[in-house]
Every structure is written in structure tokens, then in C-alpha cells.
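# Architecture and fold: a report
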Amino acid sequence: MKAYLRVLSAERLKLVKSPVWLLVLVSPVIALLVGIMAEPSGSWTSLINAQATLHAMLFLPIFTGVFASYICRFEHAAGGWKQVLVLPVSRARFYAAKLTVIMVLLLMMQVLLLGSFLVAGGFHEMMGEIPWAVLFKSVFAGWVASIPLAALQLFISMMWSSFGAPLGINFMLTVPNILIANSEKYAPYYPWAQPFLVMMPTEEMDFGAFLVPYSTLIPVIFGSAVLFVFAGMLYFKQKEV
């Protein structure tokens, strides 16, 4: 555990003076502007849908890829992988530390998004009690659903030494969300669409967006998370120095 925390601390120090922290603000700020310009008619569900749609469908998947590429760029530069992989630290801990950093950045983004929901609701003087259960479910479920995509993007970023190539691939696979998210048959199995499916609030708490049941979404999300984490860790353990 101590070795893992030391590696995690080293990863954090790499990002302290980097501009990546500012990227965490982008999507929540845009969501806030969307919420202020929206006309929710007193409905928290309508307001959350308006704010979360663009975030969950485009920005959350895109920034997941940006964070994954960014935390690998230090090792890709000037043969950094050779320096890292010869250290007396297990590769599993090193991989876990990088994935943890990505998930922390995404968690910060989701918490700020929650704040944008509340600020927009206050701006519109929403009546009635704040639906905390719906808000927390949307934010936390979106974060959990981003784990498979984060693991997959980290895998791709470790494979490619280019900073731009993984980002280009991620962008090309994010854009089809607009169509795939409407498919009850294919959307649950598409990692780029999974955060959107679970973040959209509905009247039925047992259903995600477009009435895809959580009984389908949850096993697929957790199953794909295990698959991508295992695949990425296996690749990293076998990566040549």
C-alpha cells in the first residue's frame, strides 16, 4: 500500500503545475451556461437533462481521453518509460496509480457539474425541495460509468507514443454517440455512450436514458471495466523496457 501511495504521489506531482487542472472546469462551466439559458419550467428533471446532455454525451468522454493521454506524455517523452519500468515498483501499482489519477480528475469534474446544477437551479429560483437523490445518482453514476472508458483510454495511450493519435481516435469514437445513444440495442455496450445512459434522469429510477434498464447497464459497465482494466494491466506488465 505504501509503495502504491508513493507512486500515486509522484503522479500527482507531475500534474501540479500542469494546465490539465484547468480542463476540469471546462465542461461544468459550459453546463452552467446551458442551465442558465435553459427554460426548465420549474422542473429539476428538465434542467438536469439540459445541462447533462452535452457534458455526458461529448465532453466527459473527450476529456477522459485527454486526461489519459496527458498523464502518459511524460513517459513517452525522452524515453521516460525506460526510466519508470526499471524502478523497484510493481507495474500493477504504477498502472493503478495512473488510472486513479484519471478517475480523480473525472470525479472533480463531476462534483463541479453538481455545483453547476445547484447554481442553475438557484438562478431559475426552482421551487420545491432539491432532488438530492436524482442529482447524486446522475453525478456518481456518470463517474462510475466512465471507469471502462478511462481504462480503455489509458490502455490506448500507453500503446501509442503520439499524444495526438489517442485523442483523435477518442474524438472519432465519441462523435457517433449522437446516434448510438438512441439505440437501446447497441448503446449499453458502447463505452463512450455509457456515461450518458446513466446520467440522464428519468421518472423511473430503475431506468437510464431512453429506458435502457439498469439491470442491463450495470452488469455491462462493471464487466467492461474489469475487462479493460485487466487488459491494460496485462499489456503494461508485458511492455518491453
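Here the residue numbering is sequential within each chain, running from 1 through the sequence in written order. In keeping with the predicted nature of the model, local features appear solely for residues at pLDDT of at least 70, side-chain atom pairs appear and are counted solely at 80 or more, and the whole-chain, interface and lining totals rest on all residues. Only hydrogens and water are set aside; all other atoms, that is, all heavy atoms of the structure, feed into the side-chain values.

## Details of a nonpolar patch on the surface
Heads up, the rule is: Every patch collects residues that have over 30% relative accessible area and no salt bridge, joining them within 9 Å if they carry like charges and within 5 Å if they are nonpolar side chains (Val, Leu, Ile, Met, Phe, Trp, Tyr). Only the protein chains shown count as covering a residue, and every accessible area follows the Shrake-Rupley method with a 1.4 Å probe. Every case where a carboxyl oxygen of Asp or Glu lies within 4 Å of a side-chain nitrogen of Lys or Arg is listed as a salt bridge. The numbering of helices and of strands both runs from the N terminus, where a helix is a DSSP run of H or I of at least 4 residues and a strand a run of E of at least 2.
The grouping of Leu22, Leu25, Val29, Leu33, Ile36, Met37, Leu112 and Phe123 at the surface amounts to a nonpolar patch, some 760 Å² of accessible area in total. Looking at the nonpolar patch, the elements with two or more residues in it are helix 2 (20-37) and helix 5 (91-123). For the nonpolar patch, the element with the highest residue contribution is helix 2, accounting for 6 residues. Positionally, Leu25 belongs in helix 2.

## Here's the deal with the packing of aromatic side chains
Aromatic ring pairs are described here by two measures, namely the spacing of the ring centres and the angle between the planes. Here is the rule: In summary, the pairing rule links any two rings of Phe, Tyr or Trp, Trp by its six-membered ring, whose centres are within 6.5 Å, and it sorts them by plane angle into stacked for under 30 degrees, edge-to-face for over 60 and tilted for everything else. Throughout, exposure labels follow a simple rule: accessible area from a 1.4 Å probe, protein chains only, divided by the maximum for the residue type, with under 20% read as buried, over 50% as exposed, and the rest as partly exposed.
Across all of its chains, the model carries 7 aromatic pairs by this definition. Geometrically, the ring pair formed by Phe63 and Phe67 is stacked, given 6.2 Å between the ring centres and 25° between the ring planes. Of the two residues, Phe63 and Phe67 are both situated in helix 3 (residues 44-76); the distance of 4 residues between them amounts to about one turn of the helix. For Phe63, a relative accessible area of 9% corresponds to the buried category. Both rings, one in Trp132 and one in Phe136, keep their centres 5.8 Å apart while their planes meet at 25°; by these two values the pair is stacked. Of this pair, Trp132 and Phe136 both sit in helix 6 (residues 132-145), 4 residues apart, roughly one helical turn. Taking the relative accessible area as the measure of exposure, Phe136 reaches 44% and is therefore partly exposed.

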